[in-house]
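Geometric and topological summary
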Amino acid sequence: MEATVILPILKKKLAFLSGGKDRRSGLILTIPLCLEQTNMDELSVTLDYLLSIPSEKCKARGFTVIVDGRKSQWNVVKTVVLMLQNVVPAEVSLVCVVKPDEFWDKKVTHFCFWKEKDRLGFEVILVSANKLTRYIEPCQLTEDFGGSLSYDHMDWLNKRLVFEKFTKESTSLLDELALINNGSDKGNQQEKERSMDLNFLPSVDPETVLQTGHELLSELQQRRFNGSDGGVSWSPMDDELLAQPQVMKLLDSLREQYTRYQEVCRQRSKRTQLEEIQQKVMQVVNWLEGPGSEQLRTQWGIGDSIRASQALQQKHEEIESQHSEWFAVYVELNQQIAALLNAGDEEDLVELKALQQQLSDVCYRQASQLEFRQNLLQAALEFHGVAQDLSQQLDGLLGMLCVDVAPADGASIQQTLKLLEEKLKSVDLGLQGLREKGQGLLDQISNQASWAYGKDVTIENKENVDHIQGVMEDMQLRKQRCEDMVDVRRLKMLQMVQLFKCEEDAAQAVEWLSELLDALLKTHIRLGDDSQETKVLLEKHRKFFDVAQSTYDYGRQLLQATVVLCQSLRCTSRSSGDTLPRLNRVWKQFTITSEERVHRLEMAIAFHSNAEKILQEFPEQPEAINEMEQFDEIEAVGKSLLDRLTVPVVYPDGTEQYFGSPSDMASAAEHIREKMKLLSLKKQQLRQPEATTPES
């Protein structure tokens with residue numbers, strides 16, 4: 001009988017086991033009668049339930065029944081006592097009927113129970129509440145009878161319900177776990193799996209049942225202290241009343257079966273996990289070797305331009321993105337397999353290692369193919385990028401070569417030539433880089449074995465190789481054509497540089513000649529103090545003239561070279577037409593000025609020579625008077641020279657130039673005049689003897 005079935009009756013507290021004991025250690029059964037009529041059937045059910053609780057050992061010690069009739073009638077009490085004979089005749093050792101203080105006829109009641117003693121099988125005594133301590137210790141009596149034993153009927157009932165629920169659930173759970181565990185230990189693998197499929201999940205949660213049992217056991221093991229007199233009393237959930245050992249035994253059995261059940265679940269989970277891993281591994285392998293490999297088989301080209309290579313790269317990134325999802329599954333599976341391998345179940349090690357090896361081989365092979373394809377496309381993109389840059393450089397160089405050269409001067413030609421050389425050098429470097437990129441790409445293609453895509457790629461590779469070699473050959477031809485044009489342009493520009501250099505040097509020669517003319521007019525003024533010095537000046541002037549002559553000849557040669565270069569370049573010299581007249585005009589002015597300088601120096605030499613000869617050779621004798629006409633000639637030369645010093649040099653264009661400044665010319669003429677004075681003085685001296693001779 002379960003408490004839940006008769007729960008409304010038990011709540012009425014028609015009888016209860018308080019947990020108290022008599023002096024024989026027998027349990028005390030209390031029947032509290034009330035003013036209302038007691039339902040004997042319900043009381044009988046209550047007693048049957050209560051007497052089913054104690055163990056056989058407790059029952060063997062007998063019961064002391066306290067019938068509390070203080071609030072009831074004698075006939076009810078008598079009926080209850082007689083009912084005990086039918087309910088628990090063998091277990092009852094003493095019945096204590098608690099009577100009211102002033103109610104029943106003692107003689108009648110005593111005689112009645114004594115008369116029925118042999119038939120009842122137990123002793124019945126009538127006693128007042130305060131006299132119960134003669135038979136039962138106060139600490140074993142509840143507060144209703146003046147004792148100190150604490151009893152809460154609803155608390156007891158709740159605990160009893162928990163106990164019965166635990167007992168029922170644990171017993172049922174033990175049967176289920178035993179069936180599951182025993183089914184997993186018997187038969188072949190198929191029977192084992194079938195049994196586990198049928199009985200794998202218990203009807204209740206073992207953890208919850210175990211927790212309930214532990215909490216119940218903890219409550220059963222607690223002692224309660226009586227606060228009134230310090231005595232110790234057992235709670236109504238004592239181990240003898242509620243079978244604490246039974247709870248412990250059930251818990252032990254549950255733990256044992258649950259441990260076995262967990263192992264069964266673990267094995268089942270491991271097998272399920274292994275099967276799931278196998279299924280996922282095959283999914284990964286089948287996809288990588290199927291659709292994944294097929295995607296790579298269709299992607300073999302490298303493109304013929306940057307845009308085409310970028311499109312192929314984008315397509316490859318999409319393929320990589322799809323592979324990444326499966327590679328993520330591979331990483332997860334690899335971790336799961338590693339965890340199972342670390343668990344150390346020898347029976348699964350070989351299978352797990354085989355799965356791991358198969359999965360790793362396929363994934364690494366596919367990853368290698370993806371990486372190879374990515375590197376190939378990157379190399380192709382770099383190759384096409386270099387080819388495009390080189391093509392643009394060649395276009396720029398060709399455009400520069402197709403434009404006719406019309407420089408302003410030699411410096412701009414030099415700058416243009418330098419820029420041309422730099423562009424050609426840049427093209428050389430670009431072509432070298434293209435060859436390196438192309439050779440690297442060809443090496444990668446040549447290393448592309450048939451296993452890379454699961455088929456023969458010779459035909460596809462040949463197309464890629466032909467394209468790469470064609471690009472490099474085309475760039476080489478374009479570069480060679482540009483080099484040939486650069487050679488022609490370089491020669492032309494060097495000739496133009498030479499032309500401008502000749503024109504510049506010719507103009508410089510004109511400047512030099514102008515400077516010589518200017519120096520001749522401004523610094524070549526002195527005529528010398530005597531004939532010797534004048535001769536030296538004349539010799540220096542001839543050397544000075546030779547320098548001017550060389551400058552003029554150099555300018556003429558340069559202008560002749562410009563004519564030849566212009567004819568070669570088929571162009572008209574911009575400066576030679578102006579430079580040649582200037583050169584001739586300055587040279588003409590220089591020659592006229594030089595001739596005038598020579599005439600003046602020659603006249604000075606003649607003057608100084610004759611004057612010095614007369615001054616030194618004519619003695620002061622009368623016989624020298626016949627030579628007087630020489631004085632006149634010398635004076636005439638001197639005057640003529642002085643007059644010439646005052647006359648400017650007249651050029652063919654009508655312009656005039658003087659030698660030096662007026663003061664410079666005056667200084668040069670002063671020496672002539674002084675010498676003429678000496679000649680005049682000498683002449684007078686020679687004439688004086690002629691005057692004195694007639695007088696004498």
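All figures in this text were calculated on a predicted structure; none of them were measured in a lab.

Strand order in the open sheet formed by five strands is 1-2-3-4-5, and the pairing between neighbours is mixed. Of all the strands in the sheet, just strand 1 (16-21) and strand 5 (123-127) have a single pairing partner and so form its edges. Taking the axes of each pair of neighbouring strands and ignoring which way they run, one obtains an average angle of 25° across the sheet. Pairing geometry for strand 2 (residues 27-32) and strand 3 (residues 63-68), over six bridges, is parallel. Looking at strand 3, one finds that Leu-27 is bridged to Phe-63. Packed on one face of the sheet, helix 2 (residues 40-51) meets strand 1, strand 2 and strand 3 and runs near 165° to strand 2. Seen against the sheet, helix 4 (residues 74-87) touches strand 2, strand 3, strand 4 (92-98) and strand 5 and runs at an angle of roughly 175° to strand 4.

What follows is about helix 4. Between the first and last C-alpha of helix 4 there are 20 Å, a value that for 14 residues agrees with the 20 Å anticipated at 1.5 Å per step. Buried within helix 4 we find Trp-74, Val-76, Val-77, Val-80, Val-81, Met-83, Leu-84, Gln-85 and Val-87.

Within the element layout of this structure, Met-493 appears in helix 15 (residues 458-523). According to the relative accessible area criterion, Met-493 is buried, its value standing at 0%.

What follows is about the pattern of salt bridges. Throughout the structure, instances matching the rule amount to 22 salt bridges. Note that Glu-289 is salt-bridged to Arg-365, the shortest N-O span being 3.4 Å. With Glu-289 in helix 11 (residues 244-297) and Arg-365 in helix 13 (residues 346-402), the pair connects residues that are 76 residues apart, well separated along the chain. A salt bridge links Asp-505 to Lys-501; the shortest N-O distance between them is 3.6 Å. Of the two residues, Asp-505 and Lys-501 both sit in helix 15, four residues apart, roughly one turn of that helix. On the accessibility criterion, Asp-505 (17% relative accessible area) is buried. In this structure Lys-501 comes out as partly exposed when scored by relative accessible area, which is 46%. Shared partners join several salt bridges into a network, and the residues in it are Asp-428, Lys-479 and Glu-483.

Attention now goes to unusual backbone geometry. Backbone geometry places Lys-13, a non-glycine residue, at a positive phi of 55°. Here Lys-13 is to be found in the loop between helix 1 (7-11) and strand 1. Among the residues examined, Lys-13 registers a relative accessible area of 27% and is labelled partly exposed. For Ser-25, which is not a glycine, the phi torsion comes out positive at approximately 70°.

Cut-off values and rules
Residues numbered from 1 in each chain as written. Predicted model: local features only at pLDDT ≥ 70, side-chain atom pairs only at ≥ 80, totals over all residues. Heavy atoms only, no water. Pairing = 2+ DSSP bridges. Helix = DSSP H or I, 4+ residues; strand = E, 2+ residues; numbered from the N terminus. Axes fitted to C-alpha atoms, helices over the stretch in contact; angles between N-to-C directions. Contact = heavy atoms within 4.5 Å. Expected span 1.5 Å × (residues − 1). Buried < 20%, exposed > 50% of the residue type's maximum accessible area, 1.4 Å probe, protein only. Salt bridge = Lys/Arg side-chain N within 4 Å of Asp/Glu carboxyl O.

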